[in-house]
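Commentary on secondary and tertiary structure
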Amino acid sequence: MAAAEKEVGAGVESGEQGLLQTTPFRFLQRSFKDPAFEKLYQSYSVKQKRAGLEVFLYAAILYDVYMLLVPGGQDALMRGLTIAFLGLNLGLLAWCCRGIQHCSAWAAVPHIAWHLANSQLLAHLFLKKNEVTGRDSLGWVLLLDYLLFVTLPLRLRYCVVLSVGTCASYLVAIVGLGKSDTHLLQQVVANCLLLLTANLLGLTSYYLADKQQRRAFLETRQSLEMKLVIEEQSAEQERLLLSVLPEHVAVKMRQDLGSSKDSQFKKIYMSRHENVSILYADIVGFTAISSTYSASELVKILNELFARFDRLSERYQQLRIKILGDCYYCISGAPRERPDHAVLCVHMGLSMVKAIKYVQQKTNSPVDMRVGIHTGAVLAGVLGQRQWQFDVYSKDVELANKMESSGLPGRVHISEKTLSYLNGEFEVEPALGEKREEMLRMAGIKTFFIVKALKPFRPSTPDVRNGTVTEETAASCDATPDNKEGEDDSACASPVDDNHVLSNGRARGDSADFKKRLRKELVNRDGHRDLMNHTTFFTLSFKDGTTERDYNLHKESFSSISVLGCPLVLLITSTAQFVVLPRDLMNILSFAIGFLLLVILSVMIVAEFFPSSFPGLLVRCSEAMNNSLWMRRIIGVIVIVLLGVANVVDMVSCTTPSSPSNCTMTEDLGSACLYPSYFSYFCVLVLVAATLPAQVSHLVKAGLLFLITLAHCCMNVIVIGPALDCEEATNHRDWINIAPGKYALCGLLLAVTIALVFLARHLEKASRVLFLWKTEVEDQRERASDMRRRNEALVYNILPPHVAAHFMGSRKRQHEELYSQSYAEVGVLFASMPNFSDFYSEETVNNQGLECLRFLNEVISDFDALLELPQFQDIIKIKTIGSTYMAASGLNPSRQVKPDDPIQVRWSHLALLVEFALELKKALQGINEQSFNHFVLKMGINHGPITAGVIGARKPHYDIWGNSVNVASRMESTGKAGCIQVTDETTEILKHFGYVFEQRGLVSVKGKGQLMTYYLIGKGGTTPSNPETTFKDEEETKNNPDSVLGLDEDITIHLETNENSFDNPVHNNTTEHILTQYNAEDKPGSTEGPEKQNTEHKLDLSADPIHQLSEDTSPLILSSTAATSGSSETHLLQKSDADD
């Protein structure tokens, strides 16, 4: 807490220095540079000081009571006037206590209160029947003059003017009315010194209070500024989060973030939804144009197109799931059920077919859309702990994918089940998709094409989950050839919402809207009302013990300077004493010793705040004392007691006759104590100074004030009583109905003490209010920071931090500023569990597939947990699709590598990626041991140049693509379960890191020809612990089917050699055919499904339509294919070039 306060204090101090004007008269002209802020602060400060006006009125009422109770020769007029003033003061006090905050009369009430107080002082002087002396009512003038600065809710300039008016009017009155008084000049000089002291004390108190108030104002300003910044950042993070995750999932994730719930399983955010329409849409013919455009141009075109699709999805209440290359798929009817899900889905498909004409115009090529829709049940949610991507899983999702692949360009292809939900709103015709797709035939699904809509679409009130949209904006997304080019780009292709965010905090702080919000925040503050709910009435201590302890330990900056008022009072009162009272050795010694001690103690307290003016040892000693709560309190008490004792000791030297009849008639001030009443006026300043030390509580101050008053009253009555009687007899020799001066002075000191007790209580209230606000600011800052941390954690689990920062910037971006980055040396890893598809089933016993996905979530979460380890901080997870895990290394933008660096430096990240792959195997092996399963990983690693980029800045999707990614995918898809397959080039690099390889042979890769590949055995001659990582011959493979993919099908791998491979003892000039059989009936627990049709897959990529990709394939298509190849999940895309 203390460290946080020091850090915040340093920030506020620097902000205060930057905002305050530096003038030659900074003490009197302390103000903010911005006049608007200064005006706002003054209104805020005046409002916070309103409670002090009550203390001023208490003092005025005590004066009236004193004048009524202490006889002073007043006549009926005088008493009547005093009662009138008392009534007016009570009326003002009642009005202030009503708590009327927003009243224009507040501007005039402080002036009225001052005029009443000053008028009654002057009235009593002018209406006094006996002679006016040069010290009449001096104690009250000193008190009210000090209270002007501390309690009246006025600006400093007005306080100075009123103080000058009070002092001037009083001095003029006593000079004019006390002409017959002897030594009037000396008394006026002494009075001026005492009034100067009261003014200095008042200015000091005002300065310290103003400094604390400005500090609180700055903290409030900075808190609000930070709140606005965090609001804007949170809004951007929220937009970014909701662009990838549905709101209901994002809310659950934010709630669970940071929770430490002990559970056997990781939290899975997955839910099943029935009656959901699934739409798959693919751009047909896009591969043909990919060779004529650069990667950045393709990204731009696709981003503009998918931005239109996102607008359409909002208009038609679709929930976008993913973008895979040039494929877009979404669902309708989840997470909220709606009866028209199929109708909306078909409208979405028809609009997408229209929107593709934008690409036709842009590229001048015959591209088209192929849309497939199926209705069924889905499991929708997020798997893993990092790089979250919302996805759907089920057999119906795979059927929807087949609906798209078996459709025709420019047509919307729907299943019979989807047709049953259309309610006759569309004209259809048979599509015979079941004849083109075996899976549809096996499922018994009939398909249809949409001919046209029979009922026009009437948009309802948007129920938007992933953004905001208006009917006009969404309608503009239906681009047609008749639209002029670029006419609707701003509506559909703009990737970022028009958030008018100011670019830096200072500009935001200077904005009119910010000042308006700041004014509202400050005006609504009522500190003293808030304090009542947190403190006890009598002691003012906080009800919460922790808060009270923090307050006691809290050390307000420069507050200890207030102790300097004590040596100041002793210095000036001693000077005044030398003017009007006798001067002897005792006076000099008491002043010298007291002043020396006070100066030493004061310097020891304030040295910390002026480190350049004092020796380092003294500064450190001062810091140690101020950091100790009890030392601060003890020194504060000692300073007050020393000041009181010094004044009491001086009273002893005032020698007097034994009775008033023996009063000396000498007029020598140096030899006789003619005006002992000045000691009581000195005591008034002593009492005022005793209220200054901030480190002493108001209850302790009250006790010290009454002790000092009691001591002085005893001295007035016992020690200097005869001298006071002589002074009274000399000045009031013609009056007998007056109270003796010694008792009147005791009444004065008692009334002043009561007023100052009220003041001390008020000052502590103000101090506690500021501390309470400071605590609230800290709490608010912590809550805001916690919210920002949670949002950032969520966002960084969607995008890499450096990419997320690009989209959470404060300036508006257009599609030309989309994120893209080329890397020359990157490692890519694909790891899949090929036998997970056998494990997955949608049956009642496993909660319709949910429990299978729960297990997959455990596996992926454990993989993600490895990324949290320090050694794998530079490994970035790209995505998961089904059971395929994709990661990359070398994507850290802060990593600086030179081309001439050695291989061990340039490719250290690739070796790290291999270590990560080996850790993945260990993690899965541990899961197998705990769950009694036999899952294996099939992995492929490659290196080379890639392009990283984001499609859809409004709904960003981060991916990497390039031939390096494509080959890494082939290394995984053509590899063997339990093994890590790498290319010859990758092998040469990894050998420098001590890895050992086993040659696998030549593998045919489309677009790359025959590639020599190797299996990574281990490091430094070690052999893998998993026996399945050993390369087996044909007979061993047949006898041990668990060592292969685990697919319920026959797999033929064509290994061909080229003309340069004669020296290879394993491969000669002929083609080797290795046939591995894995029959479903040989595997326990396996089930047959309609989706398992083909009994043989040739992994010669030139013959497999799934992997037919040429060199000129679109980078985005490469990305999606790399992600999906080698997987046989129920929901994965399977695209062929026949589509084009």
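Each value, and the rule that gives it
- Position numbers for residues count from 1 along each chain, tracking the sequence in the order it is written.
- Two thresholds apply to this predicted model, a pLDDT of at least 70 for residue-level local features and 80 or more for giving and counting side-chain atom pairs, whereas whole-chain, interface and lining totals are computed over all residues.
- With hydrogens and water set aside, each side-chain value is computed from the structure's full complement of heavy atoms.
- Secondary structure elements are taken from DSSP: a helix is a run of H or I of four residues or more, a strand is a run of E of two residues or more, and numbering for both begins at the N terminus.
- How far a helix is expected to stretch is found by multiplying one less than its residue total by 1.5 Å.
- We count a salt bridge whenever a side-chain nitrogen from Lys or Arg sits within 4 Å of a carboxyl oxygen from Asp or Glu.
- Think of it in three bands: residues with accessible area under 20% of the maximum for their type are buried, residues over 50% are exposed, and the middle band is partly exposed, with areas taken using a 1.4 Å probe on protein chains only.
- When checking whether two residues touch, look at their non-hydrogen atoms; a contact exists if any pair is within 4.5 Å.
- In this analysis an axis means a line fitted to C-alpha atoms, helices contributing only their contacting stretch, and an angle means the value between N-to-C directions, from 0 to 180 degrees.
- Every angle not falling under 35 degrees, over 145, or within 65 to 115 is termed oblique; those three ranges are roughly parallel, roughly antiparallel and roughly perpendicular.
- Handedness of a crossing is defined here by the sense of rotation of the near helix relative to the far one, left-handed for an anticlockwise turn of less than a right angle and right-handed for a clockwise turn.
- In this classification, Asp, Glu, Lys and Arg are treated as charged, Ala, Val, Leu, Ile, Met, Phe, Trp, Tyr, Cys and Pro as nonpolar, and every other residue, Gly included, as polar.
- Nonpolar cores were defined as sets of buried Ala, Val, Leu, Ile, Met, Phe, Trp, Tyr and Cys residues, with membership established by side-chain atoms within 4.5 Å.

1. Regarding helix 36 (residues 908-931)
- Here helix 36 contains 24 residues, and its C-alpha end-to-end distance of 35 Å stays within 8% of the 34 Å for a straight helix at 1.5 Å per residue.
- After helix 36 finishes, the residue Phe-932 shows a positive phi value of roughly 55 degrees.

2. Overview of the pattern of salt bridges
- The full count for this structure, using the stated rule, is 22 salt bridges.
- Across the pair Arg-214 and Asp-210 runs a salt bridge whose closest N-O atoms are separated by 2.8 Å. With Arg-214 and Asp-210 both in helix 8 (residues 184-244) and 4 residues apart, the pair spans about one turn of that helix. In terms of burial, Arg-214 and Asp-210 fall into one category: buried.
- Among the salt bridges present, the one from Glu-825 reaches Arg-906, with a minimum N-O distance of 2.5 Å. Of the two residues, Glu-825 sits in strand 9 (residues 820-832) while Arg-906 sits in helix 35 (residues 903-906), which places them 81 residues apart along the sequence.
- Sharing partners across several salt bridges, the network here consists of Glu-38, Arg-155, Asp-210 and Arg-214.

3. As for helix 7 (residues 156-177)
- The terminal C-alpha atoms of helix 7, which comprises 22 residues, lie 31 Å apart, in line with the 32 Å expected from a rise of 1.5 Å per residue.
- Listed as buried for helix 7 are Leu-156, Cys-159, Leu-162, Ser-163, Thr-166, Cys-167, Ser-169, Tyr-170, Leu-171, Ala-173 and Ile-174.
- Elements that come into contact with the buried residues of helix 7 comprise helix 5 (109-126), helix 6 (138-151) and helix 8.

4. A few points about the packing of helix 9 (residues 247-256) against helix 31 (residues 741-796)
- Packing of helix 9 against helix 31 leaves a shortest axis separation of 10 Å and a crossing angle of 125 degrees. With respect to their mutual orientation, helix 9 and helix 31 come out oblique. Crossing of helix 9 over helix 31 shows right-handed handedness. Touching Ala-250, Met-253, Arg-254 and Gln-255 of helix 9 are Arg-790, Asn-791 and Leu-794, all from helix 31.
- A per-class count over the contact of helix 9 with helix 31 returns 3 nonpolar, 2 polar and 2 charged.

5. Considerations on the nonpolar core
- Trp-140, Leu-142, Leu-194 and Tyr-678 are the most contacted members of the largest nonpolar core, which totals 116 residues.
- Examining the composition of this core, we find that 12 residues originate from one element, helix 28 (residues 678-690), more than from any other.
- Non-local contacts of Leu-194, meaning those with residues more than four positions away in its chain, are made with Leu-138, Leu-142, Thr-573, Ala-576, Tyr-678, Tyr-681, Phe-682 and Leu-685.
- Leu-241, Val-249, Tyr-269 and Val-392 belong to the second-largest nonpolar core, a separate cluster that totals 51 residues.

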